[in-house]
Amino acid sequence: MASLSLNSLSVQPPSHPRKLVDTLSSTHSGSLKPIVVCGNPPTFVSAPGRRIVAVGDLHGDLAKARCALELAGVLSSDGQDSWVGGETVLVQLGDILDRGADEIAILSLLKSLDVQAKATGGAVFQVNGNHETMNIEGDFRYVDYGAYDECTDFLQYLDDCDHNWEEAFVGWVGVSERWKEDRKLSERYWDPWDLVKRQKGVIARSILLRPGGPLASELARHAVVLKVDDWVFCHGGLLPHHGKNMLPFANVSLSIISFDLFQDFYCDTTHTVAGYAAVAYGMEKMNREVSNWMRGLSGSDDSPEIPFIAIRGYDSVVWSRLYSRDTAGLEDYQVDQIQSILEETLQAVDAKAMVVGHTPQTTGVNCKYNCSIWRIDVGMSSGVLNSRPE
């Protein structure tokens, strides 16, 4: 089970003059201090004394998602989708979309669990992965046919709920399987018109996930990088130039990074070395820009500007594999360079360790570089490796 239990330390709030500070109220009578959230979307979380559990990529597999959450001790095993985690903080690391048929149902489940968790002093947080950002860009290459059907069904269900988004979204996990069964019973009538049905699903997905669409706006509530106490959570990996708002990152230079290694890990053909030394954005600013793009609020009305540093390119937060790739084929000095970059990044954001998904670990959940990085994507979805949930 991929869980991180620690004696929590207070988080220093971000240095921005304007920020959202939210204390998660609850009706529980526990002795722990309330969870405090800074940023919109959440970026810095203080969760004193809580058990923190992380779950990796789920890719549309509702059964495996439920199994992983049960293993984590936060989901009931009676089929009622009840939160049993008490004051636990759960963090899911993105890539819920693509490769599976029950994406919206998983998002609905996590939303329902968050509502329940807050009543007992716990919380559920999600970070967006590269497959969330790809879909909002309109890149549907990895969409499962069943996911198109789910989008069509969910739009109909939203209409049945009189377009009450919160009611429909939280309630979808409880009815989605019945809708799927009803659809299967009537599929024989669709066989001659399969292309028409597929086009209908593509249109439904586009409506839900375009920038400013209802599901894109729901995903915009999630960060791309989240700090809970002194742990950093992101899908791919946080790099030094992502971490601070004020100054360019100058401590790690090409003098300690071989150009071949740099190019292999960070650069595609559109990148330049100078891009690595760009003025660092800072986590809260990066989260806010990605959120605004997902809501359709950034750039021009016709073409919202895409936050490149967070979601595009091999060195972006959702795409980087620097910390999670197999090091068996690397020279010792290359491994030392990666560790140096990781240490500099953690120092820049005042964290002791980072937790990432994105790259399936065939050996299961593991840690590397003196356990400064935890790699927790195990490819559990039947659309990926169909491995045992962890």
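Model, not experiment: these values are computed from the prediction. (Residues numbered from 1 in each chain as written. Predicted model: local features only at pLDDT ≥ 70, side-chain atom pairs only at ≥ 80, totals over all residues. Heavy atoms only, no water.)

Engineer: If you had to explain the overall build of the protein to someone new, which residues and values would you point to?
Structural biologist: Along its length, the protein carries 12 helices and 12 strands. Taken across its 390 residues, the protein has 56% of its residues classed as buried. Pairs at least 24 apart in sequence give 72% of the contacts found in the protein among residues at least 6 apart. (Helix = DSSP H or I, 4+ residues; strand = E, 2+ residues; numbered from the N terminus. Buried < 20%, exposed > 50% of the residue type's maximum accessible area, 1.4 Å probe, protein only. Contact = heavy atoms within 4.5 Å.)

Engineer: Describe the packing of aromatic side chains, naming the residues involved and giving the relevant values.
Structural biologist: Scanning the model with the defined rule gives seven aromatic pairs in all. Each ring, one from tyrosine 157 and one from tryptophan 179, has its centre 5.9 Å from the other, and the planes form 80°; the classification is edge-to-face. Note that tyrosine 157 is positioned in helix 4 (residues 145–160) and tryptophan 179 in helix 5 (residues 165–186), a separation of 22 residues in sequence. Each of the two residues, tyrosine 157 as well as tryptophan 179, counts as buried. Through a chain of ring-to-ring contacts, the aromatic side chains of Phe154, Tyr157, Trp165, Phe169, Trp172 and Trp179 assemble into a single cluster. A cation sits over an aromatic face here: arginine 198 above tyrosine 145, 4.3 Å from the ring centre. Just above the ring of phenylalanine 140 sits the side chain of arginine 205; from NZ or CZ to the centre is 5.6 Å. (Phe/Tyr/Trp six-rings, centres within 6.5 Å; stacked < 30°, edge-to-face > 60°. Lys NZ or Arg CZ within 6 Å of the ring centre and 35° of its normal.)

Engineer: Run through the side chain of asparagine 128, naming residues and quoting values.
Structural biologist: As for its position among the elements, asparagine 128 is in the loop between strand 7 (123–126) and helix 3 (130–136). If we skip the residues at most four places from it in the chain, asparagine 128 touches Gly94, Leu219, His222, Ala223, Val224, His235, Met294 and Val318.

Engineer: Describe a negative patch on the surface, and please don't skip the residues or the numbers.
Structural biologist: There is a patch of like negative charges on the surface, built from Asp159, Asp160, Asp162 and Glu167. Assignment of secondary structure puts aspartate 159 in helix 4. Residue aspartate 159 is classed as partly exposed on the basis of its relative accessible area of 39%. (Patch = residues over 30% accessible without salt bridge, like charges linked within 9 Å, V, L, I, M, F, W, Y side chains within 5 Å. Areas by Shrake-Rupley, 256 points an atom, 1.4 Å probe, with all protein chains shown as cover. Salt bridge = Lys/Arg side-chain N within 4 Å of Asp/Glu carboxyl O. Lys, Arg positive; Asp, Glu negative; His and termini not counted. Charge placed at Lys NZ, Arg CZ, Asp CG, Glu CD.)

Engineer: Please set out the pairing of strand 7 residue by residue, giving values where relevant.
Structural biologist: Of the two faces of strand 7, both are covered, the one formed by Ala123 and Phe125 as well as the one formed by Val124 and Gln126. Handedness of the strand 6 (residues 89–92)-helix 2 (residues 103–118)-strand 7 crossover: right-handed. (Right-handed = clockwise from strand over helix to strand, strands pointing away.)

Engineer: Got a sec to walk through the packing of helix 2 against helix 4? Specific residues and values, please.
Structural biologist: Remark: helix 2 packs on helix 4, axes separated minimally by 8 Å, with the N-to-C direction vectors making an angle of 60°. What the angle tells us is that helix 2 and helix 4 run oblique. Residue-level inspection shows Glu103, Ile104 and Ala105 of helix 2 in contact with helix 4, the latter providing Ala147, Glu150, Cys151 and Phe154. Of the residues belonging to the contact of helix 2 with helix 4, the class tally is five nonpolar, no polar and two charged. (Axes fitted to C-alpha atoms, helices over the stretch in contact; angles between N-to-C directions. Parallel < 35°, antiparallel > 145°, perpendicular 65-115°, else oblique. Nonpolar A, V, L, I, M, F, W, Y, C, P; charged D, E, K, R; others polar.)

Engineer: Can you tell me about the nonpolar core, naming the residues and giving the values?
Structural biologist: One broad rule of soluble globular proteins: the nonpolar side chains tend to lie buried together. Core analysis: the largest hydrophobic core is formed by 77 residues, its most contacted members being Leu69, Leu90, Phe154, Leu238, Tyr323 and Met354. Here this core takes eight residues from helix 2, the largest share from any one element. With residues up to four places along the chain from it excluded, the contact list for methionine 354 reads Val232, Cys234, Gly237, Leu238, Tyr323, Leu342, Thr345, Leu346, Ser372, Ile373 and Trp374. Membership of the second largest hydrophobic core comes to 19 residues, among which are Val37, Ala123, Val127 and Leu226. (Core = buried A, V, L, I, M, F, W, Y, C linked by side-chain atoms within 4.5 Å.)

Engineer: For the pairing of strand 5 (residues 51–55), give the residues involved together with the corresponding values.
Structural biologist: Counted residue by residue, strand 5 has four buried out of five residues, so it is predominantly covered. Examined bridge by bridge, strand 5 and strand 6 share four bridges and lie parallel to one another. Residue pairing for strand 6: isoleucine 52 is matched across the bridge by valine 89. For the crossover from strand 5 across helix 1 (residues 62–71) to strand 6, the handedness is right-handed. (Pairing = 2+ DSSP bridges.)

Engineer: Would you mind going over helix 12 (residues 332–348) in detail, with residue names and values included?
Structural biologist: Helix length check: helix 12 (17 residues) gives 24 Å between terminal C-alpha atoms against 24 Å at 1.5 Å per residue, within 8%. Listed in full, the buried residues belonging to helix 12 are Gln334, Val335, Gln337, Ile338, Gln339, Ile341, Leu342, Glu344, Thr345, Leu346 and Ala348. One or two positions beyond helix 12, positive phi appears at aspartate 350, with a value near 55°. (Expected span 1.5 Å × (residues − 1).)

Engineer: Give me the pattern of salt bridges: which residues, what numbers.
Structural biologist: Under the criterion given, the structure shown has 16 salt bridges. Between arginine 312 and glutamate 137 there is a salt bridge whose closest N-O contact spans 2.5 Å. Of this pair, arginine 312 sits in the loop between helix 11 (308–311) and helix 12 while glutamate 137 sits in the loop between helix 3 and helix 4; the two residues are 175 residues apart in sequence, bridging distant segments of the chain. The network of salt bridges with shared partners includes Asp149, Asp153, Arg183, Lys197 and Arg198.

Engineer: Explain the state of the cysteines residue by residue, including any values.
Structural biologist: For the coordinates displayed, the defined rule picks out one disulfide. Residue cysteine 367 pairs covalently with cysteine 371 via a disulfide, S to S 2.1 Å. For cysteine 367, a relative accessible area of 29% puts it in the partly exposed group. (Disulfide = S-S within 2.5 Å.)

Engineer: Describe unusual backbone geometry, and please don't skip the residues or the numbers.
Structural biologist: For the peptide bond that leads from asparagine 40 to proline 41, omega is 5°, which places it in the cis range. When you line up the elements, proline 41 lands in the loop between strand 3 (36–38) and strand 4 (44–46). For aspartate 95, which is not glycine, the phi dihedral falls at a positive 55°. Along the chain, aspartate 95 falls in the loop between strand 6 and helix 2. With a phi angle near 80°, histidine 358 is a residue other than glycine that sits in the positive phi range. Relative to the assigned elements, histidine 358 resides in the loop between strand 10 (353–356) and strand 11 (366–368).

Nothing here speaks to function; it is all geometry.
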